[in-house]
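Below are the chains, spelled out letter by letter.
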Amino acid sequence: MRIDKLLANMGYGSRKEVKSLLKSGNVVVNGTGCKDGKQHVNPSQDEVFVHGEKVVYREFIYLLMNKPQGVISATEDLRDETVIDLLEPDHRVFNPFPVGRLDKDTEGLLIITNDGQLSHQLLSPKKHVPKTYYAEVKGVVTEEDVEAFSEGVTLDDGYHTKPGDLVILSSGEMSEIELTITEGKFHQVKRMFESVGKKVVYLQRIKMGPILLDENLELGEYRELSQEEIDQLKNR
Ligand code: URA
(Lines give C-alpha, C1' and ligand atoms only; values in the text may rest on other atoms or scores of the structure.)
Protein backbone atom coordinates (compact mmCIF):
# COMPACT_ATOMS: atom_id res chain seq x y z
CA MET A 1 0.00 0.00 0.00
CA ARG A 2 1.27 3.52 -0.75
CA ILE A 3 2.52 5.42 2.28
CA ASP A 4 0.32 8.44 1.47
CA LYS A 5 -2.76 6.22 1.38
CA LEU A 6 -1.81 4.50 4.62
CA LEU A 7 -1.35 7.83 6.39
CA ALA A 8 -4.58 9.23 5.01
CA ASN A 9 -6.40 6.06 6.12
CA MET A 10 -4.95 6.42 9.58
CA GLY A 11 -6.32 9.92 9.91
CA TYR A 12 -3.21 12.01 9.20
CA GLY A 13 -5.21 14.33 6.98
CA SER A 14 -6.29 14.65 3.39
CA ARG A 15 -4.04 13.49 0.54
CA LYS A 16 -2.77 17.09 0.24
CA GLU A 17 -2.06 17.39 3.96
CA VAL A 18 -0.32 14.03 3.94
CA LYS A 19 1.81 15.21 1.01
CA SER A 20 3.08 18.21 2.97
CA LEU A 21 3.56 16.05 6.07
CA LEU A 22 5.81 13.79 4.00
CA LYS A 23 7.63 16.78 2.51
CA SER A 24 8.31 18.14 5.99
CA GLY A 25 10.56 15.14 6.67
CA ASN A 26 8.60 13.94 9.66
CA VAL A 27 7.76 10.50 8.28
CA VAL A 28 10.24 7.68 8.79
CA VAL A 29 9.85 4.19 7.34
CA ASN A 30 12.07 1.44 8.75
CA GLY A 31 14.52 4.01 10.07
CA THR A 32 14.81 6.01 6.86
CA GLY A 33 13.14 9.34 6.13
CA CYS A 34 10.41 9.07 3.54
CA LYS A 35 9.26 12.03 1.47
CA ASP A 36 7.74 10.17 -1.43
CA GLY A 37 4.03 9.46 -1.12
CA LYS A 38 4.32 6.81 -3.80
CA GLN A 39 6.62 4.64 -1.67
CA HIS A 40 5.02 1.29 -0.90
CA VAL A 41 4.86 -0.07 2.61
CA ASN A 42 3.56 -3.31 3.99
CA PRO A 43 1.38 -2.27 6.95
CA SER A 44 1.92 -5.55 8.79
CA GLN A 45 5.73 -5.57 8.42
CA ASP A 46 7.13 -2.09 7.97
CA GLU A 47 7.61 0.32 10.86
CA VAL A 48 6.27 3.78 10.19
CA PHE A 49 6.90 6.75 12.48
CA VAL A 50 5.28 10.18 12.23
CA HIS A 51 6.76 12.98 14.34
CA GLY A 52 8.68 10.26 16.19
CA GLU A 53 5.54 8.31 17.08
CA LYS A 54 4.89 4.83 15.80
CA VAL A 55 1.88 4.45 13.54
CA VAL A 56 -0.03 1.44 14.77
CA TYR A 57 -1.80 0.15 11.75
CA ARG A 58 -4.98 -1.68 12.61
CA GLU A 59 -4.91 -5.37 12.12
CA PHE A 60 -8.54 -6.12 11.44
CA ILE A 61 -11.24 -4.71 9.25
CA TYR A 62 -14.96 -5.38 9.53
CA LEU A 63 -17.13 -4.61 6.53
CA LEU A 64 -20.87 -4.81 5.99
CA MET A 65 -21.84 -5.39 2.36
CA ASN A 66 -25.18 -5.38 0.62
CA LYS A 67 -24.36 -8.31 -1.65
CA PRO A 68 -25.87 -8.16 -5.11
CA GLN A 69 -27.02 -11.15 -7.14
CA GLY A 70 -24.55 -12.68 -9.59
CA VAL A 71 -21.58 -12.37 -7.27
CA ILE A 72 -19.96 -15.26 -5.41
CA SER A 73 -19.35 -15.21 -1.63
CA ALA A 74 -15.76 -16.33 -1.88
CA THR A 75 -12.32 -14.78 -2.06
CA GLU A 76 -11.54 -16.14 -5.53
CA ASP A 77 -13.40 -17.68 -8.40
CA LEU A 78 -12.18 -18.61 -11.85
CA ARG A 79 -15.40 -17.67 -13.64
CA ASP A 80 -17.45 -15.27 -11.58
CA GLU A 81 -16.91 -12.00 -9.83
CA THR A 82 -16.52 -12.38 -6.06
CA VAL A 83 -17.54 -10.12 -3.21
CA ILE A 84 -13.83 -9.41 -2.65
CA ASP A 85 -13.57 -8.09 -6.23
CA LEU A 86 -16.11 -5.44 -5.20
CA LEU A 87 -13.82 -4.02 -2.50
CA GLU A 88 -11.55 -1.01 -2.82
CA PRO A 89 -7.84 -1.93 -3.00
CA ASP A 90 -7.41 -0.24 0.40
CA HIS A 91 -9.67 -2.85 1.94
CA ARG A 92 -8.41 -5.74 -0.16
CA VAL A 93 -4.89 -5.33 1.24
CA PHE A 94 -6.19 -6.70 4.53
CA ASN A 95 -7.00 -10.04 2.84
CA PRO A 96 -10.56 -10.17 4.13
CA PHE A 97 -13.02 -12.99 3.47
CA PRO A 98 -16.78 -13.33 3.70
CA VAL A 99 -18.23 -14.69 6.94
CA GLY A 100 -20.16 -17.66 5.60
CA ARG A 101 -21.84 -17.87 2.24
CA LEU A 102 -24.82 -16.45 0.49
CA ASP A 103 -25.89 -18.15 -2.74
CA LYS A 104 -24.99 -16.44 -6.02
CA ASP A 105 -28.62 -15.36 -6.44
CA THR A 106 -29.10 -14.25 -2.81
CA GLU A 107 -28.81 -10.59 -1.92
CA GLY A 108 -28.26 -8.71 1.28
CA LEU A 109 -26.22 -8.61 4.43
CA LEU A 110 -22.76 -10.08 4.25
CA ILE A 111 -20.04 -9.45 6.81
CA ILE A 112 -16.53 -9.42 5.40
CA THR A 113 -13.54 -9.43 7.72
CA ASN A 114 -10.01 -10.72 8.22
CA ASP A 115 -10.75 -11.57 11.87
CA GLY A 116 -10.75 -15.36 11.80
CA GLN A 117 -11.74 -15.67 15.42
CA LEU A 118 -14.86 -13.54 15.03
CA SER A 119 -15.78 -15.36 11.84
CA HIS A 120 -15.46 -18.68 13.61
CA GLN A 121 -17.67 -17.46 16.47
CA LEU A 122 -20.35 -16.29 14.07
CA LEU A 123 -20.34 -19.50 12.07
CA SER A 124 -19.92 -22.04 14.83
CA PRO A 125 -23.05 -24.23 15.05
CA LYS A 126 -22.64 -24.14 18.84
CA LYS A 127 -23.20 -20.39 18.96
CA HIS A 128 -26.65 -20.49 17.28
CA VAL A 129 -26.25 -17.04 15.74
CA PRO A 130 -29.68 -16.08 14.36
CA LYS A 131 -29.87 -15.05 10.71
CA THR A 132 -33.00 -13.46 9.32
CA TYR A 133 -34.02 -13.65 5.68
CA TYR A 134 -36.71 -11.92 3.69
CA ALA A 135 -38.05 -14.11 0.89
CA GLU A 136 -40.61 -14.12 -1.87
CA VAL A 137 -42.04 -17.59 -2.14
CA LYS A 138 -44.09 -19.09 -4.93
CA GLY A 139 -47.16 -20.65 -3.34
CA VAL A 140 -49.43 -19.87 -0.43
CA VAL A 141 -47.42 -19.91 2.80
CA THR A 142 -49.71 -21.03 5.61
CA GLU A 143 -49.92 -21.22 9.40
CA GLU A 144 -49.18 -24.96 8.99
CA ASP A 145 -45.83 -23.99 7.49
CA VAL A 146 -45.19 -21.67 10.46
CA GLU A 147 -45.97 -24.58 12.77
CA ALA A 148 -43.82 -27.03 10.78
CA PHE A 149 -40.84 -24.64 10.70
CA SER A 150 -41.16 -24.04 14.45
CA GLU A 151 -40.56 -27.74 14.97
CA GLY A 152 -37.87 -28.03 12.32
CA VAL A 153 -38.40 -29.64 8.93
CA THR A 154 -36.71 -32.56 7.20
CA LEU A 155 -34.60 -31.58 4.20
CA ASP A 156 -34.07 -33.63 1.02
CA ASP A 157 -30.96 -35.28 2.49
CA GLY A 158 -32.83 -36.43 5.62
CA TYR A 159 -31.40 -33.71 7.89
CA HIS A 160 -33.91 -32.38 10.40
CA THR A 161 -33.37 -28.66 10.87
CA LYS A 162 -33.42 -26.72 14.12
CA PRO A 163 -36.59 -24.69 14.68
CA GLY A 164 -37.05 -21.69 12.40
CA ASP A 165 -39.15 -18.64 13.19
CA LEU A 166 -41.36 -18.02 10.17
CA VAL A 167 -43.35 -14.80 9.91
CA ILE A 168 -45.83 -14.42 7.06
CA LEU A 169 -45.83 -10.85 5.72
CA SER A 170 -48.33 -11.59 2.95
CA SER A 171 -49.79 -14.80 1.62
CA GLY A 172 -51.08 -15.52 -1.88
CA GLU A 173 -49.88 -17.05 -5.16
CA MET A 174 -46.67 -15.26 -4.29
CA SER A 175 -46.06 -14.97 -0.55
CA GLU A 176 -43.68 -12.72 1.34
CA ILE A 177 -42.07 -13.97 4.53
CA GLU A 178 -39.32 -13.45 7.03
CA LEU A 179 -37.53 -16.49 8.36
CA THR A 180 -35.02 -16.60 11.20
CA ILE A 181 -32.78 -19.64 11.47
CA THR A 182 -29.78 -20.42 13.65
CA GLU A 183 -27.93 -22.73 11.29
CA GLY A 184 -26.35 -22.34 7.88
CA LYS A 185 -26.82 -25.55 5.95
CA PHE A 186 -26.28 -25.42 2.20
CA HIS A 187 -29.26 -23.64 0.53
CA GLN A 188 -31.06 -23.96 3.85
CA VAL A 189 -33.89 -21.48 3.39
CA LYS A 190 -34.65 -22.65 -0.14
CA ARG A 191 -34.60 -26.29 0.96
CA MET A 192 -36.80 -25.63 3.99
CA PHE A 193 -39.45 -24.24 1.67
CA GLU A 194 -38.96 -27.12 -0.77
CA SER A 195 -39.73 -29.47 2.13
CA VAL A 196 -43.20 -27.93 2.35
CA GLY A 197 -43.65 -27.91 -1.44
CA LYS A 198 -42.88 -24.23 -2.11
CA LYS A 199 -40.22 -22.39 -4.06
CA VAL A 200 -38.17 -19.40 -2.96
CA VAL A 201 -37.92 -17.03 -5.94
CA TYR A 202 -36.15 -14.16 -4.20
CA LEU A 203 -33.96 -14.29 -1.12
CA GLN A 204 -32.32 -11.50 0.86
CA ARG A 205 -30.54 -11.68 4.22
CA ILE A 206 -31.58 -8.77 6.41
CA LYS A 207 -30.00 -9.57 9.78
CA MET A 208 -27.13 -11.55 11.27
CA GLY A 209 -26.82 -11.67 15.05
CA PRO A 210 -27.27 -8.06 16.18
CA ILE A 211 -26.33 -6.54 12.80
CA LEU A 212 -29.02 -5.25 10.46
CA LEU A 213 -28.68 -4.72 6.72
CA ASP A 214 -28.00 -1.00 6.24
CA GLU A 215 -30.71 0.37 3.96
CA ASN A 216 -28.42 3.20 2.88
CA LEU A 217 -26.21 0.70 1.09
CA GLU A 218 -27.07 0.13 -2.55
CA LEU A 219 -26.52 -3.38 -3.91
CA GLY A 220 -22.78 -3.96 -4.19
CA GLU A 221 -21.95 -1.18 -1.74
CA TYR A 222 -20.38 -1.68 1.64
CA ARG A 223 -19.23 0.24 4.67
CA GLU A 224 -17.08 -0.41 7.69
CA LEU A 225 -18.92 -1.60 10.80
CA SER A 226 -18.95 0.98 13.59
CA GLN A 227 -17.02 0.22 16.77
CA GLU A 228 -20.38 -0.23 18.52
CA GLU A 229 -21.48 -2.83 15.96
CA ILE A 230 -18.14 -4.66 16.26
CA ASP A 231 -18.49 -4.73 20.06
CA GLN A 232 -22.07 -6.02 19.77
CA LEU A 233 -20.91 -8.80 17.47
CA LYS A 234 -18.04 -9.79 19.72
CA ASN A 235 -19.99 -9.68 22.95
CA ARG A 236 -23.08 -11.49 21.86
N1 URA B 1 -30.39 -20.09 2.51
C2 URA B 1 -30.36 -20.26 1.18
O3 URA B 1 -31.07 -21.08 0.64
N4 URA B 1 -29.53 -19.50 0.47
C5 URA B 1 -28.73 -18.56 1.02
O6 URA B 1 -28.00 -17.87 0.29
C7 URA B 1 -28.79 -18.37 2.41
C8 URA B 1 -29.62 -19.15 3.15
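Report on the accompanying structure. Just so it is clear, the model here is predicted, and its values are computed rather than measured.

### Here we look at the side chain of Glu229
Locating Glu229 in the fold gives a position in helix H7 (residues 227-235). Given a relative accessible area of 15%, Glu229 falls into the buried group. The residues contacting Glu229, other than those within four sequence positions of it, are Ile211 and Arg223.

### Focus on the pattern of salt bridges
Taken as a whole and judged by the stated rule, the model has 13 salt bridges. Of the charged contacts, one joins Arg58 and Glu224 as a salt bridge, the two residues approaching to 2.9 Å between their closest N and O atoms. Separated by 166 residues along the polypeptide, Arg58 in the loop between strand E4 (53-54) and strand E5 (62-67) and Glu224 in strand E13 (residues 222-224) bring together distant segments of the chain. Residue classification places Arg58 among the partly exposed positions, given a relative accessible area of 32%. Taking the shortest distance from any N to any O, the salt bridge between Glu183 and Lys162 comes out at 4.0 Å. Here Lys162 lies in the loop between helix H5 (143-151) and strand E9 (165-170) and Glu183 lies in the loop between strand E10 (174-181) and helix H6 (188-195), a separation of 21 residues in the sequence.

### Remarks on the nonpolar core
One finds Ile3, Leu7, Leu179 and Phe193 to be the most contacted residues of the largest nonpolar core, which totals 44 residues. The next biggest cluster of nonpolar side chains, apart from the first, holds 15 residues, and it includes Tyr62, Leu109, Met208 and Leu225.

### Considering the pairing of strand E8 (residues 131-138)
In terms of burial, E8 is a largely internal element, six of the eight residues being buried. Across eight bridges, the pairing between E8 and E10 is antiparallel. Bridge pairing in E10 places Tyr133 opposite Leu179. Strand direction decides the pairing type here: E8 and strand E11 (residues 199-208), joined by eight bridges, are antiparallel. From the neighbouring strand, Lys131 faces E11, where its bridge partner is Met208.

### Describing the site of the ligand
Inspection of the region around the ligand gives Leu102, Asp103, Thr106, Tyr133, His187, Gln188, Val189, Lys190 and Leu203 as its neighbouring residues. Residue Thr106 places a side-chain N or O atom 2.9 Å away from an oxygen atom belonging to the ligand. A distance of 3.4 Å separates an oxygen atom of the ligand from a polar backbone atom of Gln188. Within the complex, the protein chains bury 95% of what would otherwise be the 240 Å² of accessible surface of the ligand. Take the shell around the ligand: its biggest share by element is three residues, from H6. Taken together, the residues of the shell around the ligand sort by class into four nonpolar, three polar and two charged. Counting only domains with at least three residues in the shell around the ligand, you end up with domain 2 (62-125 + 211-235) and domain 3 (131-208).

### Here's the deal with unusual backbone geometry
For Asn30, which is not a glycine, the phi torsion comes out positive at approximately 50 degrees. Tracing the backbone through its elements, the reader meets Asn30 in the loop between strand E1 (27-29) and strand E2 (32-33). Accessibility expressed as a relative area gives 46% for Asn30, which makes it partly exposed. Backbone geometry places Asn95, a non-glycine residue, at a positive phi of 55 degrees. Locating Asn95 in the fold gives a position in the loop between helix H3 (89-92) and strand E6 (97-98).

Rules used throughout
Throughout, a residue's number is its position along its own chain's written sequence, starting from 1. In keeping with the predicted nature of the model, local features appear solely for residues at pLDDT of at least 70, side-chain atom pairs appear and are counted solely at 80 or more, and the whole-chain, interface and lining totals rest on all residues. Calculated side-chain values reflect all of the structure's heavy atoms, with hydrogen atoms and water omitted. Comment: elements are numbered from the N terminus, with helices defined as DSSP H or I runs of at least four residues and strands as E runs of at least two. Exposure categories follow from relative accessible area, calculated using a 1.4 Å probe and restricted to protein chains: below 20% of the type maximum is buried, above 50% is exposed, and the middle band is partly exposed. By definition, residues are in contact when any of their heavy atoms lie within 4.5 Å. Salt bridges are defined by distance alone: a side-chain nitrogen of Lys or Arg within 4 Å of a carboxyl oxygen of Asp or Glu. Among the buried residues, those of types Ala, Val, Leu, Ile, Met, Phe, Trp, Tyr and Cys that are joined through side-chain atoms within 4.5 Å form a nonpolar core. Pairing between two strands is assigned when DSSP locates at least 2 bridges connecting them. Consider each residue's heavy atoms; a residue with any of them within 4 Å of a molecule or strand counts as near. Here a polar contact is recorded for every N or O atom pair within 3.5 Å, except that within protein the pair must consist of a potential hydrogen donor and a potential acceptor, and residues adjacent in sequence are included only if both atoms are side-chain atoms. Accessible areas in this description were obtained via Shrake-Rupley with a 1.4 Å probe; residue shielding takes into account the shown protein chains only. Three residue categories are used. Nonpolar comprises Ala, Val, Leu, Ile, Met, Phe, Trp, Tyr, Cys and Pro, charged comprises Asp, Glu, Lys and Arg, and polar comprises the others, including Gly. Throughout the structure description, domain borders are defined by an automatic or database domain assignment.

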